[in-house]
Amino acid sequence: MTRPVALVTGARQGIGRGIAEALGAAGFDIAATDLVDDDEAAAAAREAVTATGARFHLWRHDVAHVESHPALLDHVIDRFGGVDVLVNNAGRGAAVRGDCLEITPENFDAVMDVNLRGTVFLTQVVARHMLAAGRPHPAAIVTVTSVSAELVSHERADYCISKAGLSMWVKALAVRLADHGIAVFEVRPGIIRTGMTAPVADRYDARIADGLVPARRWGQPADVAAVVAALAGGRLGFATGSVVAVDGALSIPRL
């Protein structure tokens, strides 16, 4: 068990699977979580990550269930020996896209429970383990937020609020952990082609063609994964607290 271990949430498909593959190729063993662990996507993720030479295990886990976080960490420690890198990737979109004046408390809470509350408290559990474990590998916490932490989509304001709150959590965590050598980063994807964006793909195709994204293409999970793997490797520790946009220059203000 000499390889560093990365815990990646939401790793069954999309951005999370891309991150798991990239970290596996970079020399990490992968402890993965997702809401489902026994379908074709889970099997494909397992095959893709193990093909990199990494050990891989996928646990069925809902990050919204805060009370389950200590048990998840215990399972990871039992199988892999500990956690060196946490990648907070699991997230969900708005329950309903529509008028922000019509958001219901139930839908608001459903988004916050995963994107903000669950992620914050899972990070807390893992960070405490990192502080106590004293493992020989560089430690890092990388949280995947969104350009929506800054750019407003009023028809999914609850999602934007959740990502903006998570961005502030990353800042607080970076300051808290800096003198312990645990690097903390925020990665903000733009318009990435995944299952989450599939329902609005036609809309984004047209807007990208019209110049919304200066790079004039969709982002791919591999674009985000490459950045996460670089941040997790331990060479950028003094840049702790940095925010990295992976959006083809979408979020740069323009005239």
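Notes on the structure in this doc start here. Source: prediction; values computed, not measured.

**Some words on the sheet that holds strand S5 (residues 139-144)**
In any sheet, the strands associate via hydrogen bonds between backbone groups, in a parallel or an antiparallel arrangement.
Thinking step 1. What the seven strands build is an open sheet, ordered S3-S2-S1-S4-S5-S6-S7; its pairing is parallel. Two strands in the sheet have a free side with no partner beyond their single neighbour: strand S3 (56-60) and strand S7 (243-246). The sheet shows a mean angle of 15° between the axes of neighbouring strands, taken without regard to direction.
Thinking step 2. Relative to S3, strand S2 (residues 29-34) runs parallel, the two being bridged by five bridges. Residue pairing for S3: Ala-31 is matched across the bridge by His-57.
Thinking step 3. Here helix H1 (residues 14-25) sits on the sheet in contact with strand S1 (5-9), S2, strand S4 (85-88), S5 and strand S6 (182-189), set at roughly 170° to S1.

**Observations regarding the side chain of Thr-197**
Thinking step 1. Examined against the element boundaries, Thr-197 turns out to sit in the loop between S6 and helix H6 (201-209).
Thinking step 2. When residues no more than four places from it in sequence are discounted, the contact partners of Thr-197 are Ile-192 and Trp-218.

**Details of the nonpolar core**
Thinking step 1. Judged by nonpolar contacts, the single largest core of 31 residues is most densely connected at Val-8, Ile-19, Leu-23, Ile-30 and Val-87.
Thinking step 2. The leading source of residues in this core is helix H7 (residues 221-232), at six residues.
Thinking step 3. Sequence-distant contacts of Leu-23, that is, excluding residues within four places in its chain, are made with Ala-6, Val-8, Phe-28, Ile-30, Val-87, Ala-229 and Ala-232.
Thinking step 4. Core analysis: the second largest hydrophobic core is formed by 27 residues, Phe-80, Leu-86, Ile-141 and Leu-173 among them.

**Re H7**
Thinking step 1. Taking 1.5 Å as the rise per residue, H7 with 12 residues should run 16 Å; its terminal C-alpha atoms sit 16 Å apart, in good agreement.
Thinking step 2. The set of residues buried in H7 consists of Pro-221, Val-224, Ala-225, Val-228, Ala-229, Leu-231 and Ala-232. Within H7, the buried residues cover an arc of 160° as seen down the axis, which keeps them to one side.
Thinking step 3. Buried residues along H7 sit against H1, S4, S5, S6 and S7.
Thinking step 4. Downstream of H7 by a residue or two, Gly-234 has a phi angle that is positive, lying close to 95°.

**Digging into the layout of surface pockets**
Thinking step 1. When its volume is computed, the largest pocket comes out at roughly 1,300 Å³.
Thinking step 2. Lining the largest pocket are 49 residues, with Arg-92, Gly-93, Tyr-159, Thr-194 and Met-196 sitting closest to its centre.
Thinking step 3. Of all the secondary structure elements, the ones that give two or more residues to the lining of the largest pocket are H1, S2, helix H5 (157-177) and H6.

**As for the packing of aromatic side chains**
Thinking step 1. Applying the stated criterion across every chain, the model contains two aromatic pairs.
Thinking step 2. The interplanar angle of 70° and the centroid separation of 6.3 Å between the aromatic rings of Trp-59 and Phe-80 together place this pair among those described as edge-to-face. Of the two residues, Trp-59 sits in strand S3 while Phe-80 sits in helix H3 (residues 69-80), which places them 21 residues apart along the sequence. Note on accessibility: Trp-59 and Phe-80 belong to one class, buried.
Thinking step 3. When the ring of Tyr-204 is compared with that of Trp-218, the centres are 6.0 Å apart and the planes differ by 85°; the resulting orientation is edge-to-face. Of this pair, Tyr-204 sits in helix H6 while Trp-218 sits in the loop between H6 and H7, and the two are 14 residues apart along the sequence.
Thinking step 4. Stacked on the ring of Tyr-204, the Lys or Arg Arg-203 has its end atom at 5.7 Å from the ring centre.

**Focus on the packing of H1 against H7**
When two helices pack together, you describe them by how their axes are tilted relative to each other and by the distance separating the axes.
Thinking step 1. Interaxial distance between H1 and H7 falls to 8 Å at its minimum, and their mutual angle equals 45°. When the interaxial angle is binned, H1 and H7 end up oblique. Here H1 runs over H7; the crossing is right-handed. Of the residues in H7, those in contact with Gly-14, Ile-15, Gly-18, Ile-19, Ala-22 and Leu-23 of H1 are Pro-221, Val-224, Ala-225, Val-228, Ala-229 and Ala-232.
Thinking step 2. When grouped by side-chain class, the residues that make up the contact of H1 with H7 number 10 nonpolar, two polar and no charged.

Calculation rules
Residues numbered from 1 in each chain as written. Predicted model: local features only at pLDDT ≥ 70, side-chain atom pairs only at ≥ 80, totals over all residues. Heavy atoms only, no water. Pairing = 2+ DSSP bridges. Helix = DSSP H or I, 4+ residues; strand = E, 2+ residues; numbered from the N terminus. Axes fitted to C-alpha atoms, helices over the stretch in contact; angles between N-to-C directions. Contact = heavy atoms within 4.5 Å. Core = buried A, V, L, I, M, F, W, Y, C linked by side-chain atoms within 4.5 Å. Buried < 20%, exposed > 50% of the residue type's maximum accessible area, 1.4 Å probe, protein only. Expected span 1.5 Å × (residues − 1). Arc of directions from axis to C-beta. 1 Å grid on protein atoms, 1.4 Å probe; cavity = no way out; pocket = protein on both sides within 12 Å on 5 of 7 lines; lining within 4 Å. Points joined across faces, edges and corners; volume = space filled by probe spheres on them. Phe/Tyr/Trp six-rings, centres within 6.5 Å; stacked < 30°, edge-to-face > 60°. Lys NZ or Arg CZ within 6 Å of the ring centre and 35° of its normal. Parallel < 35°, antiparallel > 145°, perpendicular 65-115°, else oblique. Left-handed = near helix turned anticlockwise from the far one by under 90°. Nonpolar A, V, L, I, M, F, W, Y, C, P; charged D, E, K, R; others polar.

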